[in-house]
Amino acid sequence: MMIDPLSVFILLLGAATPILFAALGELVVERAGVLNLGVEGMMITGALAGFAAAHASGSPALGFLAAALAGAAVSMTFAALTQFLLSNQVATGLALTLFGLGLTAMFGKPYEGMKAPAMMPGPLGLNWMIWLGIALVPLVWWFLARTRPGLILRAVGENHDAAHGLGYPVRRMRVLAIGFGGALAGMGGAYISIATVLQWTEGMTAGAGWIALAIVVFAQWNPWGVLAGAWLFGGVTVLQLRLQAAGVAVPVQLLSMAPYLATIFVLVLISARQKFGRSGAGAAPASLGRPFHALK
Amino acid sequence: MFRLEPRASAPLLWQVATPILAVLATMIVGGGLFAAMGFDPLAAIRTIFWDPLFGPAAGYSRPQLLVKAGPLILIASGLALGFRAGIWNIGAEGQYIIGAICGAAVALAAYPLDAFWIFPAMILAGAAGGWAWGMVPAMLRNWFGASEILVSLMLVYVAQRIAAWMAFGPMKNPEGFNFPGSRNLQQYEPASNPELIANSGLHWGGVAAILALAATWFVMSRHVLGFHIRTAGAAPRAARFAGVRPERLVALCLGVSGALAGLAGLFEVAGPAGQITESFGSGYGFTAIIVAFLGRLHPLGILLAGLLMALTYIGGELAQMMLNLPAATVQVFQGMLLFFLLGFDLLTRYRIRRRA
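What counts and what doesn't
Residues numbered from 1 in each chain as written. Chains lettered and ligands numbered in written order. Predicted model: local features only at pLDDT ≥ 70, side-chain atom pairs only at ≥ 80, totals over all residues. Heavy atoms only, no water. UniProt positions renumbered as here; feature names shortened; annotations may be inferred. Helix = DSSP H or I, 4+ residues; strand = E, 2+ residues; numbered from the N terminus. Rg over C-alpha atoms; globule rule 2.2 N^0.38 Å. Buried < 20%, exposed > 50% of the residue type's maximum accessible area, 1.4 Å probe, protein only. Contact = heavy atoms within 4.5 Å. Lys, Arg positive; Asp, Glu negative; His and termini not counted. Charge placed at Lys NZ, Arg CZ, Asp CG, Glu CD. Salt bridge = Lys/Arg side-chain N within 4 Å of Asp/Glu carboxyl O. Axes fitted to C-alpha atoms, helices over the stretch in contact; angles between N-to-C directions. Parallel < 35°, antiparallel > 145°, perpendicular 65-115°, else oblique. Left-handed = near helix turned anticlockwise from the far one by under 90°. Nonpolar A, V, L, I, M, F, W, Y, C, P; charged D, E, K, R; others polar. Core = buried A, V, L, I, M, F, W, Y, C linked by side-chain atoms within 4.5 Å. Polar contact = N/O pair within 3.5 Å; in protein donor to acceptor, adjacent residues only side chain to side chain. Patch = residues over 30% accessible without salt bridge, like charges linked within 9 Å, V, L, I, M, F, W, Y side chains within 5 Å. Areas by Shrake-Rupley, 256 points an atom, 1.4 Å probe, with all protein chains shown as cover.

Naming follows an unreviewed UniProt entry, where chain B appears as Nucleoside ABC transporter membrane protein of Paracoccus versutus. Annotation of chain B in UniProt includes, under Subcellular location (unreviewed entry), the sentence "Cell membrane".

Per an unreviewed UniProt entry, chain A goes by the name Nucleoside ABC transporter membrane protein and belongs to Paracoccus versutus.

Looking only at helices and strands, one finds 15 helices and two strands in chain B. Against the 2.2 N^0.38 benchmark of 21 Å for 356 residues, chain B shows a C-alpha radius of gyration of 21 Å, consistent with a compact globule. Dimensions of chain B along its principal axes, counting C-alpha atoms only, are 75 × 55 × 35 Å. Burial status across chain B gives 56% buried among its 356 residues.

Right, let's get into the overall build of chain A. Along the backbone of chain A there are 12 helices and zero strands. Ordering the α and β elements of chain A from the N terminus gives α-α-α-α-α-α-α-α-α-α-α-α. Once the C-alpha set of chain A is aligned to its principal axes, its extents read approximately 60 × 45 × 35 Å. Counting every position in chain A, which comprises 296 residues, the buried fraction comes to 56%. Considering only intrachain contacts with a sequence separation of at least 6, the fraction spanning at least 24 residues in chain A is 79%. Taken as two groups, the 15 positive and 8 negative side-chain charges of chain A have centres that lie 12 Å from each other.

Okay, the pattern of salt bridges next. Counted by the stated rule, this structure contains nine salt bridges over all chains. Of the charged contacts in the structure, one is a salt bridge between B:Arg296 and B:Asp345, with a shortest N-O distance of 2.5 Å. Of the two residues, B:Arg296 is situated in the loop between α12 (284–294) and α13 (299–323) and B:Asp345 in the loop between α14 (329–344) and α15 (346–349); the sequence distance between them amounts to 49 residues. Accessibility classification places B:Arg296 together with B:Asp345 in one group, the buried group. Through salt bridges that share partners, A:Lys109, A:Glu112 and A:Glu202 make up one connected network.

Time to look at the UniProt feature "transmembrane region" (unreviewed entry) in chain A. Using the residue numbers shown here, the UniProt feature "transmembrane region" (unreviewed entry) corresponds to residues 32–54, 61–84, 90–108, 128–144, 175–198, 210–233 and 245–270 of chain A. In the segment residues 128–144 of chain A, helix accounts for 100% and strand for 0%; the C-alpha atoms at its two ends are 24 Å apart.

Next up on the list: the packing of helix α2 (residues 39–57) of chain A against helix α8 (residues 170–196) of chain A. Residue and element names in this part refer to chain A. Close contact between α2 and α8 brings their axes to 6 Å; oriented N to C, the two are set at 55°. If you check the angle between α2 and α8, you find them oblique. Crossing of α2 over α8 shows right-handed handedness. Listed contacts from α8 to Val39, Met42, Met43, Gly46, Ala47, Gly50, Phe51 and Ala54 of α2 are Gly181, Gly182, Ala185, Gly186, Gly188, Gly189, Ala190, Ile192, Ser193 and Ile194. For the contact of α2 with α8, the class distribution of residues is 10 nonpolar, eight polar and no charged.

Our next topic: unusual backbone geometry. The backbone of A:Leu86 sits at a positive phi, close to 55°, despite the residue not being glycine. Turning to its location among the elements, A:Leu86 is positioned in the loop between α3 (60–84) and α4 (89–108). You will see that B:Leu297, though not glycine, has its phi angle at about 60°, which is positive. Residue classification places B:Leu297 among the buried positions, given a relative accessible area of 15%.

Ranked by size, the top nonpolar core spans 192 residues in total, and within it A:Trp210, B:Leu74, B:Ile75 and B:Met122 carry the most contacts. Leave out the neighbours within four places in its chain, and A:Trp210 touches A:Leu37, A:Glu40, A:Leu94, A:Thr97, B:Ile90, B:Ile149, B:Leu150, B:Leu153, B:Met154 and B:Tyr157. Ranked by size, the runner-up nonpolar core spans 15 residues in total, among them B:Ile229, B:Ala239, B:Val244 and B:Val250.

This part is about the interface of chain A and chain B. Contacts between chain A and chain B engage 47 residues on the former and 44 residues on the latter. Taken together, the links from chain A to chain B amount to zero salt bridges. Taken together, the links from chain A to chain B amount to six residue pairs in polar contact (both at pLDDT 80 or more). Looking at the side of chain A that touches chain B, the elements with two or more residues in it are α3, α4, α9 (208–218), α11 (252–255) and α12 (258–276) of chain A. Sorting elements by how many residues they give to the side of chain A that touches chain B places α4(A) first, with 14 residues. When its residues are assigned to classes, the side of chain A that touches chain B shows 34 nonpolar, 11 polar and two charged.

All names here are of chain B. In this structure, proline 170 sits in the loop between α7 (148–168) and α8 (204–222). The class for proline 170 is exposed, based on a relative accessible area of 52%. When the C-alpha atoms of proline 170 and leucine 153 are compared, they prove to be 25 Å apart, with 17 residues separating the residues in sequence.

The subject of this paragraph is a nonpolar patch on the surface. Residue and element names in this part refer to chain A. On the surface, Leu139, Trp141, Trp142 and Trp224 cluster together into a nonpolar patch covering about 440 Å² of accessible area. The leading source of residues in the nonpolar patch is helix α5 (residues 128–146), at three residues. Among the secondary structure elements, tryptophan 141 is positioned in helix α5. A relative accessible area of 31% places tryptophan 141 in the partly exposed class.

Once that is clear, we can look at the side chain of B:Gln334. All names here are of chain B. If you trace the backbone, glutamine 334 turns up in helix α14. Judged by its relative accessible area of 6%, glutamine 334 is buried. Of note is the side chain of glutamine 334, whose polar atom sits 3.5 Å from the side chain of threonine 287. Once you skip the residues sitting within four places of it in the chain, glutamine 334 turns out to touch Thr287, Ile290, Met309, Thr312 and Tyr313.

Quick look at the environment of B:Ile101 now. All names here are of chain B. Checked against the element boundaries, isoleucine 101 lands in helix α5 (residues 92–110). With relative accessibility at 6%, the residue isoleucine 101 sits in the buried group. The spatial distance from the C-alpha of isoleucine 101 to the C-alpha of tryptophan 143 is 27 Å, given a sequence separation of 42 residues. Leaving out residues up to four positions away in the same chain, isoleucine 101 has contacts with Ile162, Ala163, Met166, Met171 and Ile276.

In this section: the packing of helix α1 (residues 12–36) of chain B against α14(B). All names here are of chain B. Packing of α1 against α14 brings their axes to within 8 Å, and their N-to-C directions diverge by 135°. Compared by their axis directions, α1 and α14 come out oblique. Both α1 and α14 take part in a crossing whose hand is right-handed. Within the contact between the two elements, α1 uses Thr18, Pro19, Leu21, Ala22, Val23, Ala25, Thr26, Val29, Gly30, Leu33 and Phe34 and α14 uses Thr329, Val332, Phe333, Met336, Leu337, Phe340, Leu341 and Phe344. A breakdown of the residues in the contact of α1 with α14 according to their chemical character gives 15 nonpolar, four polar and no charged.

Quick look at the structure:
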């Protein structure tokens, strides 16, 4: 059995891209102190909207644009509920996932069996979305670490009461972050339907949104860590598919568990490091998941 | 402008009124959605919420109410314990599947033996399987601090693949003409979970659901454990001073909710479903989360919410047959319902005042 490292790496980049987009978006959301468990719902919405737009226009680029808009649009229901109606973030995120899966199952029926238009090849034979995903990593890092809005966003995420006291717009910052996260999740989902599977099928994100959430924890809320996590995940996926293709004597269904088990494994590893490690580095944003209600 | 003033305690009126408001809002917005899709909204709402109980074919659909409500209530009553304590088991779907597989394994191993102990042994195996699958996230959280939300959810996907493997491999019916899927337990009497009263839809799963509701009611309102659970959810720090040990609570809540979900799976595979197939998990584990919230994590509420959700399942199927509504309508309704519920919940926790 031959597994050529270079071709595996190229496939890995493709498999990692949906997770990379979604996890980078969620990272920004969580750094603003919001836990949005609706990534899966936003991804599947983007997968359908992107596919539909790409199919109708014949342009994958328009597809990704539509996916970003659709992802951001559904994320606004989450924003309205958690930021203005102060609902529980865990439950609301879950609702967003269930709603997104249902909505796309309902509206996606006519698109089943259709083909996606071909992606434009980019430099080195990799498509432009792979490059965009990789380029977003330093951009997000730079925004969070080196710009003033990024600093405010982090302040809001670490201590929303203090940030509010200093006059920073906690709510506006968080709504914007949620919208950004929704747009990236939508694009990540569209990558699955437009560039990987090349068609629309119900529930096709298959837990990618949840894996993205785990990758953010694995990355310890650092964009570079998200890149590493997404590549690790991509590697496991590709290896598993290669083993399937090579006809290893392990049932396909068991091999396809690998990404989920790997996710649990890295989650445990990193959680243990945080629990037993001596430094406080890599901890979650202090206000993560806590609702903010200014009395004045 | 308005401002929100936190309430010291949630008034009973709003606690009861918000789920009802949420259902009404879902019907109105859902009706609008149907109208936009070119269906008659009133006919669609009536087909989903009224016809299954009182329509022309109600004789067939009414028993389905208990068939569908049983597993939902059984799972939701367990989930409610954890949700109260801030322990989020969202992988009930996986525990449901594993419970079914473990229970079915006992039956398939015993086949074709005819003995009285087979069904009780299956019940034990189903509960144990679900318990074990729920204890994985519990232990990983207690030992390493891993998020039980993500681990329990990941394990759903693992469980689905185990079910597929079982259906194609170890549990495949040797007399099934090479089709995937296990033997049908409905045709193996010592292992089957039949309707207890003809045309009622009630099987042992429904009985277990009622028992689970009674037990959780007792624990939550009459036992010190319920006090610990509520305190841990409302004020984790205060709970520690009150002698609550969070690790034990995590293990208990995830274990119990896992066991109940496993039981639901076992009663399903031995009864209405009959066999382990690739797509055995049908989403009850996720819908039960909505049931738990809609029922306000209270046993009586869960009973009503479970019946209502079961109604939407049956009504959705009916609407699909009669009006050609898409099959996913029910899922959209359920998601929307949870949104509205979470939104209206503001009224129970805050007073809305005019800004002076």
